[in-house]
Amino acid sequence: MPMKAKPTMRKMQKNKNRDNKDTGKYKYKIRTLLPASILCAALCAGLCTPLTVRAQEGTAPEDMIQDAAAPEDALPEDDLPEDDLQAADSPADAPQDDTVPEETPDPYPPSYYLPIESNEIPGWPQGPQVQAESAIVMDVDYGICLYEKNIHAKQYPASITKIMTALVTIENSDLSDVVTFSENAVYGIEPESSHIGIDVGEQLTVEQSLYALMLASANEVAMGLAEHVAGSVEAFVDMMNEKAAELGCTETHFVNPHGLHDEDHYVTAHDMALIARAAYHNPTFLNTVCTVYYEIPPTNMEEETRYLLNHQKLLSDDDWYYTGCRGGKTGYTDQALNTLVTFAKKDNRILVCVDLKTDGTPIYSDTTALLDYGFDNFQWKQTKKEADVAFRLPLDRQLGPDLPLSWADACGLKALFPGWTLLPADISAKDLTTKKAMEPNTAGPWRLKTSYYYKDHYVGYSYQYAS
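All values derive from a computational prediction rather than experimental measurement.

**Thoughts on unusual backbone geometry**
Step number 1: In this model, aspartate 347 sits at a positive phi of 55°, which is unusual for a non-glycine residue.
Step number 2: Inspection of the secondary structure assignment puts aspartate 347 in the loop between β10 (337-346) and β11 (349-358).
Step number 3: The class for aspartate 347 is exposed, based on a relative accessible area of 69%.
Step number 4: Even without glycine at this site, lysine 357 takes up a positive phi of about 65°.
Step number 5: Here lysine 357 lies in strand β11.

Pasting the structure below:
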C-alpha cells in the first residue's frame, strides 16, 4: 500500500489552529514594516481594525503570521534529524492504530485435516479432504479399498447399526412372519428417538418391519425384530456380534439392535464397509434400502396408514440426489454426530461409502465427492489368465479326505476365468505382486486363491479350481 506523505510542522500547526479556530486559544503577532507616519494614518482611518479581527479569527495572511509555538532556535524542517522529524510529525495525542486484526475463523473442524492413508500409496490418485473423522470407499464385489481415512478408529455408528439388524433378521426369519411388539420393545428406547408410534401388542409382518427399520429408522421396530428372531434383545445382539466376526470384522462390538448411544457399542469404517458389503449382496436387503417410499396399511391397533420416506437424501432428496445411488442408511446421535452408509452403481462398478462422525449436511456433499473419486479414478483391469498348473500341497491341505494317495503330492488346478483388479488408469497388472493360498470351497473341492497387490495394497483376486 503506498504511504501517504507526512504533513510538515507548519501544515500540522495550521490544521491544529483550524480545528480550534473558535476557542481563541491561539493568537497571532502582527508584523509591521510600514513607516510610523503611514501606520498612524492607517490607524486614524480605521484600517487596522479589520486586520486585527482577521488575525484573531485565524484567517490572517500567512506572511503576516508569526508562529508563536515554534521556538526561536528551531531548525528548518529540512534540517531536522530523521528521528526528530518522525517524532515531530507524530504528536503524542494523535490516535495510534495498534489493533490486532482478527483471524478469519476456520470453516472446517480439526477432523478435516486428519491424514488420508490411501493418499500415501505411491502413484495412487489423491482423494478429497472430508470432514468425517473416519471414511472409506470400498468396491462391493471384491472388497477393494479405494479410499481410506482413519478406517480403523473406533467410532459410534448410531442408526447405521440397523444394517446389521436387517441382515441378521433376513437371514433368520421369513418375510411373512408376524412380529408382535412387546412393552419392552415399545418403551425400551429413548422417548425422543426415532419411531413410528407402534403400540404394545401391535403386529407387523417382518417385511413391513424391515421397511420401518431401514426407511424410517424406527427404534422400537428394531427391538421388536430382535425379540422376534432371537427371543430376547440380548440373544439377538450375540447373533449380531457373531455375524460381524464371520464377515471378518475385528474392531466392532454391538450391544443393541438400534444404535442408540452406548460406550461399548462401536464400529470402524472398515468393519462397517464389510457389513454393508455383505448386506448389499442380499436381494431382500437391497430391495428394501433402494425403496424411496413405502406404506404400511392399517394394523390390528392402528386405523390409519403409515407413510414412510427414505431418510437417505442421496436417494430421495432433489437437492442431494446422487445418480446411481442404491440406498444406504443414515444415523445420528449427539455422540456419534452424523453417520452415513451409501451404495452407488455406475456401469459395471458398485461402491459402498461409509462416513463416520460428520457434523451436519456436509456428510452428503462429502459422500458425493468420495463416490465421484472412486468412479472417476479407477477401472477394472484383467489379469493374465494363468495356464493349468500343478501345485505340491502339504498333506493337511489335500483337496479332500477321500482322494487317491497319488493326489497327496500334487494336484492339477485350472483357472476357469481370469482374475480382475480395480486399479488407477496409469497402473497396469504388470505392476502387481501376488500371494497364493488354498481355501475350502463350499460349492466343491478346494481352490487356490491368488490375491493381487499394488505396493502391498490389495487390489483384487482370482481363483483356480481342481481339475
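**Details of the pattern of salt bridges**
Step number 1: Within the structure shown, the criterion is met by 5 salt bridges.
Step number 2: One salt bridge connects glutamate 171 with lysine 243, and the closest N-O pair in it is separated by 3.2 Å. Highlighted residues: glutamate 171 in helix α5 (residues 162-171) and lysine 243 in helix α9 (residues 233-246), separated in sequence by 72 residues.
Step number 3: On the basis of relative accessibility, which here comes to 42%, the residue glutamate 171 falls in the partly exposed class.
Step number 4: Under the relative-accessibility criterion, lysine 243 is labelled buried at 11%.
Step number 5: Its salt-bridge partner being glutamate 202, residue arginine 306 comes within 2.8 Å of it at the nearest N-O pair. In this pair, arginine 306 sits in strand β8 (residues 306-309) while glutamate 202 sits in the loop between α6 (183-187) and β6 (203-205), placing the two residues 104 residues apart along the sequence. The burial state of arginine 306 is the same as that of glutamate 202; both residues are buried.
Step number 6: Residues joined in a network through salt bridges with shared partners are Glu171, Lys243 and Glu246.

**What about the side chain of threonine 333?**
Step number 1: Among the secondary structure elements, threonine 333 is positioned in strand β9 (residues 325-333).
Step number 2: Looking at threonine 333, its side chain comes within polar contact range of the main-chain nitrogen of alanine 336, at 2.9 Å.
Step number 3: Once residues lying within four places of it in the same chain are set aside, the contact partners of threonine 333 are Ala158, Gly259 and His261.

**Some thoughts on the nonpolar core**
Step number 1: Counting residues in hydrophobic clusters, the biggest one holds 64 residues, and the most contacted among them are Ile196, Val221, Phe285, Leu308 and Val341.
Step number 2: Counting residues per element, this core draws most heavily on helix α10 (residues 269-280), which supplies 8 residues.
Step number 3: Among residues more than four places away in sequence, those in contact with leucine 308 are Ile196, Tyr211, Ala212, Leu215, Ala216, Val292, Tyr293, Tyr294 and Ile296.
Step number 4: Counting residues in each nonpolar core, the second largest holds 39 residues, with Val130, Tyr453, Tyr463 and Tyr465 among its members.

**Notes on α9**
Step number 1: Taking 1.5 Å of rise per residue, the 14 residues of α9 would be expected to cover 20 Å, and the 20 Å separating its terminal C-alpha atoms lies within 8% of that figure.
Step number 2: Regarding α9, the residues found buried are Val233, Phe236, Val237, Met240, Asn241, Lys243 and Ala244. Within α9, the buried residues cover an arc of 160° as seen down the axis, which keeps them to one side. Turned more than 90 degrees away from the buried face of α9 sit Glu234, Glu242, Ala245 and Glu246, all of them exposed.
Step number 3: Buried-residue contacts for α9 involve α5, α6 and α8 (219-230).

**Points about α8**
Step number 1: Look at α8: 17 Å from first C-alpha to last across 12 residues, which is about the 16 Å you get at 1.5 Å a residue.
Step number 2: Burial of α8 is extensive: 10 of the 12 residues sit out of reach of the surface.
Step number 3: Along α8, the positions that sit buried rather than exposed are Asn219, Glu220, Val221, Ala222, Met223, Gly224, Leu225, Ala226, Glu227 and Val229.
Step number 4: Buried-residue contacts for α8 involve α5, β5 (178-180), α6, α7 (206-214) and α9.

**Remarks on the sheet that holds β11**
Step number 1: Spatially, 5 strands are ordered β4-β3-β11-β10-β9 in an open sheet, and the strand pairing comes out antiparallel. Only two strands of the sheet have a single neighbouring strand rather than two, namely β4 (145-149) and β9. The sheet shows a mean angle of 5° between the axes of neighbouring strands, taken without regard to direction.
Step number 2: Sheet topology note: the strand β3 (residues 134-139)/β4 ladder contains 4 bridges and is antiparallel. Bridging across to β4, methionine 138 finds its partner in cysteine 145.
Step number 3: Against the sheet, helix α13 (residues 362-377) makes contact with β3, β4, β9, β10 and β11, and its axis sits at roughly 145° relative to β11, the strand it touches most.

**Quick look at the packing of aromatic side chains**
Step number 1: Using the criterion set out here, one finds 15 aromatic pairs in the structure.
Step number 2: A ring pair is formed by tyrosine 280 and phenylalanine 343, whose centres lie 5.0 Å apart and whose planes are at 45°; its orientation type is tilted. Of the two residues, tyrosine 280 sits in helix α10 while phenylalanine 343 sits in strand β10, which places them 63 residues apart along the sequence.
Step number 3: By relative accessible area, which is 6% here, tyrosine 280 ends up buried.
Step number 4: Take phenylalanine 343: its relative accessible area is 0%, and that puts it in the buried class.
Step number 5: Arranged with centres 5.7 Å apart and planes meeting at 35°, the rings of tryptophan 320 and tyrosine 364 form a pair that is tilted. With tryptophan 320 in the loop between α12 (313-316) and β9 and tyrosine 364 in helix α13, this pair connects stretches of sequence that are 44 residues apart.
Step number 6: Given the relative accessible area of 26%, tryptophan 320 is considered partly exposed.
Step number 7: Among the aromatic residues, ring-to-ring pairing joins Trp124, Tyr147, Tyr373, Phe378 and Tyr454 into one connected group.
Step number 8: A cation over an aromatic ring shows up here: lysine 449 above the ring of tyrosine 461, its NZ or CZ 4.8 Å from the ring centre.

Definitions and cut-offs
- Residues numbered from 1 in each chain as written.
- Predicted model: local features only at pLDDT ≥ 70, side-chain atom pairs only at ≥ 80, totals over all residues.
- Heavy atoms only, no water.
- Helix = DSSP H or I, 4+ residues; strand = E, 2+ residues; numbered from the N terminus.
- Buried < 20%, exposed > 50% of the residue type's maximum accessible area, 1.4 Å probe, protein only.
- Salt bridge = Lys/Arg side-chain N within 4 Å of Asp/Glu carboxyl O.
- Polar contact = N/O pair within 3.5 Å; in protein donor to acceptor, adjacent residues only side chain to side chain.
- Contact = heavy atoms within 4.5 Å.
- Core = buried A, V, L, I, M, F, W, Y, C linked by side-chain atoms within 4.5 Å.
- Expected span 1.5 Å × (residues − 1).
- Arc of directions from axis to C-beta.
- Pairing = 2+ DSSP bridges.
- Axes fitted to C-alpha atoms, helices over the stretch in contact; angles between N-to-C directions.
- Phe/Tyr/Trp six-rings, centres within 6.5 Å; stacked < 30°, edge-to-face > 60°.
- Lys NZ or Arg CZ within 6 Å of the ring centre and 35° of its normal.

Such coordinate-based values are descriptive only and should not be taken to indicate function.
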